[in-house]
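Architecture and fold: a report
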Amino acid sequence: MPITDDAGLERALSADTIAVIGCSTTEGKAAHDVPAYLQRHGYRVIPVNPFADEVLGEPAYDDLADVEEAVDVVNVFRPSEEVPGILEAVRERHAERGDAGTAWLQLGISHDEAAAAAEADGVDVIQDRCMKVEHGRLIG
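Per chain, the residues get numbers from 1 upward, laid out in the order the sequence is written. Predicted model: local features are reported for residues with pLDDT of at least 70 only, side-chain atom pairs are reported and counted for 80 or more only, and whole-chain, interface and lining totals are derived from all residues. The basis for every side-chain value is the complete set of heavy atoms in the structure, and neither hydrogens nor water enter the calculation.

What about helix H2 (residues 30-40)?
A simple rule labels every residue: compare its accessible area, found with a 1.4 Å probe on the protein chains alone, to the largest value its type can have, and call it buried under 20%, exposed over 50%, or partly exposed in between. Secondary structure is summarised from DSSP: a helix means a run of H or I of at least four residues, a strand means a run of E of at least two, and numbering begins at the N terminus for each. Among the residues making up H2, those that are buried are Ala31, His32, Val34, Pro35, Ala36, Tyr37 and Leu38. Residue contacts follow a heavy-atom distance rule, with two residues in contact if any of their heavy atoms lie within 4.5 Å. Those residues of H2 that are buried are in contact with strand E1 (17-21), strand E2 (44-48), strand E3 (54-55) and helix H5 (131-138).

Section: a negative patch on the surface
For patch building, the residue pool is restricted to those with more than 30% relative accessible area and no salt bridge; the joining distance is 9 Å between like charges and 5 Å between nonpolar side chains (Val, Leu, Ile, Met, Phe, Trp, Tyr). To be clear on the numbers: accessible area is Shrake-Rupley with a 1.4 Å probe, and residue cover counts the displayed protein chains and nothing else. Here a salt bridge means any side-chain nitrogen of Lys or Arg lying within 4 Å of a carboxyl oxygen belonging to Asp or Glu. Just so you know, the count uses Lys and Arg for positive and Asp and Glu for negative, and it drops His and the chain ends. A charged residue contributes its charge at one atom only: NZ of Lys, CZ of Arg, CG of Asp or CD of Glu. Together, Asp53, Glu54, Asp62, Asp63, Asp66 and Glu68 give the surface a local cluster of negative charge. Residue placement: Glu68 occurs in the loop between strand E4 (58-59) and strand E5 (73-76). Classification of Glu68 by relative accessible area gives exposed; the value is 70%.

Some remarks on the packing of helix H1 (residues 6-13) against H5
Structural elements are reduced to axes, namely lines fitted to C-alpha atoms, with helices fitted over the stretch in contact, and the angle between N-to-C directions of any two is expressed from 0 to 180 degrees. Relative orientation of the contacting elements H1 and H5 amounts to 105°, with a least axis distance of 10 Å. One element, H1, and the other, H5, form an angle in the roughly perpendicular class. For the pair formed by H1 and H5, the contact residues are Asp6, Leu9, Glu10 and Leu13 on the first element and Met131, Glu134, His135, Arg137 and Leu138 on the second. Note that the term roughly parallel is reserved for angles under 35 degrees, roughly antiparallel for angles over 145, roughly perpendicular for angles of 65 to 115, and oblique for everything else.

Concerning the sheet that holds E1
Being paired, for any two strands, means DSSP has found at least two bridges between them. Strand order in the open sheet made by the five strands is E2-E1-E5-E6-E7, with parallel pairing throughout. Bordering the open sheet on either side are E2 and strand E7 (124-126), each of which pairs with just one other strand. Pairwise comparison of adjacent strand axes, ignoring direction, gives a mean angle of 20° for this sheet.

Brief notes about the environment of Arg93
Looking at the element boundaries, Arg93 is found in helix H3 (residues 83-97). Sequence-wise, Arg93 and Ala19 are 74 residues apart; in three dimensions their C-alpha atoms are separated by 12 Å. When sequence neighbours within four positions are dropped, the list of residues in contact with Arg93 reads Leu64, Ala65, Val67, Glu69, Ala70, Val71, Gly98, Asp99 and Ala100.

A short note on the pattern of salt bridges
Considering all chains together, one arrives at nine salt bridges under this definition. Between Asp121 and Arg91 there is a salt bridge; the shortest N-O distance is 2.7 Å. Of the two residues, Asp121 is situated in the loop between helix H4 (112-120) and E7 and Arg91 in helix H3; the sequence distance between them amounts to 30 residues. By relative accessible area, Asp121 is classed as partly exposed at 41%. Since its relative accessible area comes to 22%, Arg91 is described here as partly exposed. A salt bridge links Arg129 to Glu134; the nearest nitrogen and oxygen atoms lie 3.0 Å apart. Where salt bridges share partners, they join Asp6, Arg129, Glu134 and Arg137 into one cluster.

Description of the environment of Gly98
When you line up the elements, Gly98 lands in the loop between H3 and strand E6 (102-105). Residue Gly98 is classed as exposed on the basis of its relative accessible area of 56%. Note: C-alpha distance between Gly98 and Ala70 (28 residues apart in sequence) is 8.8 Å.

Right, dumping it as structure tokens:
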């Protein structure tokens, strides 16, 4: 079952490094403004966007597998139909590197089957919740 309780959300929010899949270069889009908010609140944000060289002053990576730094949370701003492939990449990374222990699917994004498979492989999953909103509500 995906995480829905405040204790589980707080655990995820205690992360240091967040890889943001679909991080946008366009101000005003949630995929830009939410990671910018997280960055302002002390998180290391690593953008994953194959169409950008840099986002939020950080080099952008084409793919999660290309990120060399250890990742605590993979925050997803891509359509729900892309979630199975994204969570497969998270599962592979978690198995190979031992990091990427949480996948956070932003508001409006979910995929129960892919989430269940990721959880079976030891990855915590949060679906259909905004990381900025939950951070503001629980941590401020």
